[in-house]
Amino acid sequence: MRLIEDMICTEPGAIAETVLLPGDPLRAKYLAENFLEDSVCYNTTRGMFGYTGYYKGTKVSVQGSGMGTSCIMECAYQLIEDYGCKNLIRIGTCGSGDPDVHVGDTILSTASTSVSNNTVPEFGNYDFVPTGSFELIKAAYDSAKENGIPVHVGVTGCTDALYEERDKLPTWISNPMGGYDQVGGEMEGTGLFVAVSKYPGIRAALLVTCSDHQIYRDEDTPLAQRETAYRNMMKVALETAHRIDSERRS
Amino acid sequence: MGLCLTGTAADVADVVFLTNDSLNVEWAAENLLEDVYFYNEIRNMKGCTGKYKGVPVTFQGEGIGPVNAAMYAVEIAGEFDPEVLVKVDCCKALQADIALGTIILPQTAHTTSNINKRRFGGMTFPAAADFELLNKIYETAKADGKTVKVGPVLSIEHRGEMEIAKKFAERGAVALDMEMNQTFTAGQRFHKPCAGVLVVTENLATGEKMSSEEAKEAFHEVVKFALHAVLEV
């Protein structure tokens, strides 16, 4: 039983085993038009464009996931349960306060913080750490290296409230990672990792591009450029899809 | 230097190996290291520095459980200025397809402990290995032909939590230990790359278990592997 209406509506087999998941459906369109061969748009439900095409001969899909943990979780459940997808790779944007990271840099997350309640039914107050697939992370890391694209690898933050009233909160809630390393912060990673963890053998990864920086504020990417400014991340994600497909075949 | 350890930063090498059994430290001192110096005089929790194949290295006991790890790992990382922390211990596999003797390299560590929930204001903290260090150990294991598994582990607080451990296993946890979560947290707190190199001596899904002699031997082998991988000797 689904609690909200479906996000994706297409034929079985229309979506590849490996799906790249930008939050913004327009970035899905951009990636399909610029990187994929023979791409076909298989979904327009809710304006969440989804395309399937080929990259270096590997069948790849790219599906807009929407914003926030709920959106990406519903998207992931549908991709896995209804369309048999095996590898879900989020390609998104993030903020950063890490002095080693600059706007435009590619970030690969090993694990994500969680402020959500989405593991409470199973784990109560225990710490279930939302974790990416090592195999995908390793494939992405090696692909980035081979293509000369620098990546920052580390833990990322995931928040649920974009417009939180931070001045009303004690610092241990408004800035819980203060003093601890965190390469970036975004709003979907935890949802993706938690949803995918329910399906043994299904893998998830989180690749993000730094689009705004707490320290280097003058580097911020203008909103209009976000759609096109992330070619490095897209290249790493597509090379990862190609790599895991080649490894599976060999 | 703190409440748990005597000695100074000069007594501790750049690379610190942590283990939950203080007697493992004595074993390393007697069997692996040269020019050994024991620096801790409190509670019989051994800590020593010596040379392994000419490279300085420290072995420090951290006791059992998240509470102990949150003392010793924090003190060693925060006050003794090491560069790298590596936890070497035995663990229990949570998946039926993981053979005894497999080396587990924890990528992250879930926990039943409340230490981090309180510390981070209710947020789940991603206690995680340093990727570059983890990757280096993984690559070495592959090159050496070792059976190795990378994934999340669960650090429990006490042995009464085996039922909840099964739920974590259903959601991908590969092995069970008691200190990894707080050891990672200490590394992340003090910006010290940290990894775990654990050997499976029991499988909770299949009921298989090494004898205590076999387990001891497996531990000794994994320590030698970890030294080789981390120190590159």
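This text follows the structure it describes.
Cut-off values and rules
Residues numbered from 1 in each chain as written. Chains lettered and ligands numbered in written order. Predicted model: local features only at pLDDT ≥ 70, side-chain atom pairs only at ≥ 80, totals over all residues. Heavy atoms only, no water. Buried < 20%, exposed > 50% of the residue type's maximum accessible area, 1.4 Å probe, protein only. Helix = DSSP H or I, 4+ residues; strand = E, 2+ residues; numbered from the N terminus. Pairing = 2+ DSSP bridges. Contact = heavy atoms within 4.5 Å. Buried area = accessible area lost by both parts, 1.4 Å probe. Salt bridge = Lys/Arg side-chain N within 4 Å of Asp/Glu carboxyl O. Axes fitted to C-alpha atoms, helices over the stretch in contact; angles between N-to-C directions. Parallel < 35°, antiparallel > 145°, perpendicular 65-115°, else oblique. Left-handed = near helix turned anticlockwise from the far one by under 90°. Nonpolar A, V, L, I, M, F, W, Y, C, P; charged D, E, K, R; others polar. Phe/Tyr/Trp six-rings, centres within 6.5 Å; stacked < 30°, edge-to-face > 60°. Lys NZ or Arg CZ within 6 Å of the ring centre and 35° of its normal. Core = buried A, V, L, I, M, F, W, Y, C linked by side-chain atoms within 4.5 Å. Polar contact = N/O pair within 3.5 Å; in protein donor to acceptor, adjacent residues only side chain to side chain.

(A) Quick peek at the pairing of strand 3 (residues 50–55) of chain A. All names here are of chain A. Counting buried positions over the 6 residues of strand 3 gives 5, a clear majority of the element. Direction of pairing for strand 2 (residues 37–43) relative to strand 3: antiparallel, over a ladder of 4 bridges. Looking at the pairing, Val 40 lines up with Thr 52 of strand 3. Connecting strand 2 to the antiparallel partner strand 3 that follows it, the hairpin turn spans 6 residues, and Arg 46 within it adopts a positive phi of roughly 55°. In the sheet, strand 3 pairs with strand 4 (residues 58–63) via 6 bridges, with the strands oriented antiparallel. Following the sheet pairing, Gly 53 is matched in strand 4 by Val 60. Linkage of strand 3 to strand 4, two consecutive antiparallel strands, is achieved through a turn of 2 residues, within which Lys 56 is found at a positive phi near 50°.

(B) Looking closely at the interface of chain A and chain B. Taken together, the contact pairs 33 residues of chain A with 36 residues of chain B. Where chain A abuts chain B, roughly 3,300 Å² becomes buried across the two surfaces, and 61% of that area is made up of carbon and sulfur atoms. The largest contributions to the chain A side of the interface with chain B come from Asp 127, Phe 134 and Tyr 180 of chain A, which together make up 25% of the buried area. Applying the counting criterion to the chain A and chain B interface returns 3 salt bridges.

(C) Expanded view of the packing of helix 2 (residues 65–79) of chain B against helix 6 (residues 180–189) of chain B. Residue and element names in this part refer to chain B. The contact between helix 2 and helix 6 brings their axes to 8 Å, and the two run at 30°. In terms of orientation, helix 2 lies roughly parallel with respect to helix 6. Where helix 2 crosses over helix 6, the handedness of that crossing is right-handed. Of the residues in helix 6, those in contact with Pro 66, Ala 69, Ala 70, Ala 73, Val 74 and Ala 77 of helix 2 are Gln 182, Thr 183, Ala 186 and Arg 189. For the contact of helix 2 with helix 6, the class distribution of residues is 7 nonpolar, 2 polar and 1 charged.

(D) Highlighting the packing of aromatic side chains. The tally for this structure, following the rule as stated, stands at 14 aromatic pairs over all chains. Between Tyr 180 of chain A and Phe 120 of chain B, the aromatic rings sit 5.0 Å apart at their centres with planes inclined by 70°, giving edge-to-face as the arrangement. In this pair, Tyr 180 of chain A is assigned in the loop between helix 5 (171–174) and strand 8 (184–186) and Phe 120 of chain B in the loop between helix 3 (115–119) and helix 4 (131–143), connecting two distinct chains. Overall, the relative accessible area of 1% leaves Phe 120 of chain B in the buried class. The interplanar angle of 70° and the centroid separation of 5.2 Å between the aromatic rings of Tyr 180 of chain A and Phe 125 of chain B together place this pair among those described as edge-to-face. Residue Tyr 180 of chain A is located in the loop between helix 5 and strand 8, and its partner Phe 125 of chain B is located in the loop between helix 3 and helix 4; the two belong to separate chains. Relative accessible area serves as the criterion here: at 13%, Tyr 180 of chain A is assigned to the buried category. For the cation-ring pair, Arg 171 of chain B lies above Phe 128 of chain A, with the distance from its terminal atom to the ring centre recorded as 5.2 Å.

(E) Region of the structure containing the packing of helix 4 (residues 134–146) of chain A against helix 4 of chain B. At their nearest, the axes of helix 4 of chain A and helix 4 of chain B sit 12 Å apart, and the two run at 95° to each other. By the angle between their axes, helix 4 of chain A is roughly perpendicular relative to helix 4 of chain B. Residues Phe 134, Ile 137, Lys 138 and Tyr 141 of chain A of helix 4 of chain A lie in contact with helix 4 of chain B, whose contacting residues are Phe 131, Glu 132, Leu 134, Asn 135, Tyr 138 and Glu 139 of chain B. Considered class by class, the residues forming the contact of helix 4 of chain A with helix 4 of chain B number 6 nonpolar, 1 polar and 3 charged.

(F) Fine view of the nonpolar core. Counting 113 residues, the largest nonpolar core has Phe 17, Phe 59 and Val 197 of chain B as the members making the most contacts within it. Ignoring anything within four residues of it in the chain, the contact list for Phe 17 of chain B reads Val 57, Thr 58, Phe 59, Gln 60, Val 86, Val 88, Ala 226, Leu 227 and Val 230 of chain B. Phe 128, Leu 192 and Cys 210 of chain A together with Leu 94 of chain B belong to the second largest nonpolar core, which has 43 residues in total.

(G) Region of the structure containing the environment of Gly 97 of chain A. Residues and elements named next belong to chain A. Following the sequence through the fold, Gly 97 ends up in the loop between strand 5 (87–96) and strand 6 (106–112). A relative accessible area of 32% places Gly 97 in the partly exposed class. When the C-alpha atoms of Gly 97 and Tyr 42 are compared, they prove to be 38 Å apart, with 55 residues separating the residues in sequence. Every residue in contact with Gly 97, bar those within four places of it in the chain, is listed here: His 213, Gln 214 and Ile 215.

(H) Seen up close, the pairing of strand 9 (residues 194–203) of chain B. Residues and elements named next belong to chain B. For strand 9, the tally of buried residues reaches 10 of 10 residues, placing the bulk of the element in the interior. Here 9 bridges tie strand 5 (residues 84–93) to strand 9, and the two strands are oriented parallel to one another. Each residue of the ladder has a partner; that of Cys 91, found in strand 9, is Val 200. Summarising the sheet, strand 6 (residues 103–111) and strand 9 pair through 2 bridges and their orientation is antiparallel. Along strand 9, the bridge assignment pairs Ile 103 with Val 199.

(I) Region of the structure containing the side chain of Thr 112 of chain B. Counting through the fold element by element, Thr 112 of chain B comes out in the loop between strand 6 and helix 3. Classification of Thr 112 of chain B by relative accessible area gives buried; the value is 4%. Separated by 3.0 Å, the side chain of Thr 112 of chain B and the backbone nitrogen of Glu 157 of chain B make a polar contact. Within polar-contact distance, the side chain of Thr 112 of chain B engages the side chain of Glu 161 of chain B at 2.7 Å. The contacts of Thr 112 of chain B, once residues within four sequence positions are left out, are Tyr 126 of chain A together with Leu 154, Ser 155, Ile 156, Glu 157, Glu 161 and Ile 164 of chain B.

(J) Representation of the pattern of salt bridges in the model. All chains considered together, the criterion is met by 28 salt bridges over all chains. A salt bridge links Asp 127 of chain A to Lys 117 of chain B, with the nearest nitrogen and oxygen atoms 2.7 Å apart. One end of the pair, Asp 127 of chain A, is in the loop between helix 3 (120–123) and helix 4; the other, Lys 117 of chain B, is in helix 3, on a second chain. Judged on exposure class, the residue Asp 127 of chain A and its partner Lys 117 of chain B are both buried. Residue Arg 203 of chain A pairs with Glu 135 of chain A through a salt bridge whose shortest N-O separation is 2.6 Å. Placement of Arg 203 of chain A in strand 9 (residues 203–213) and of Glu 135 of chain A in helix 4 is noted, with a sequence separation of 68 residues between them. Overlapping salt bridges bring together Glu 62, Lys 87, Asp 89, Asp 177 and Glu 179 of chain B as one network.

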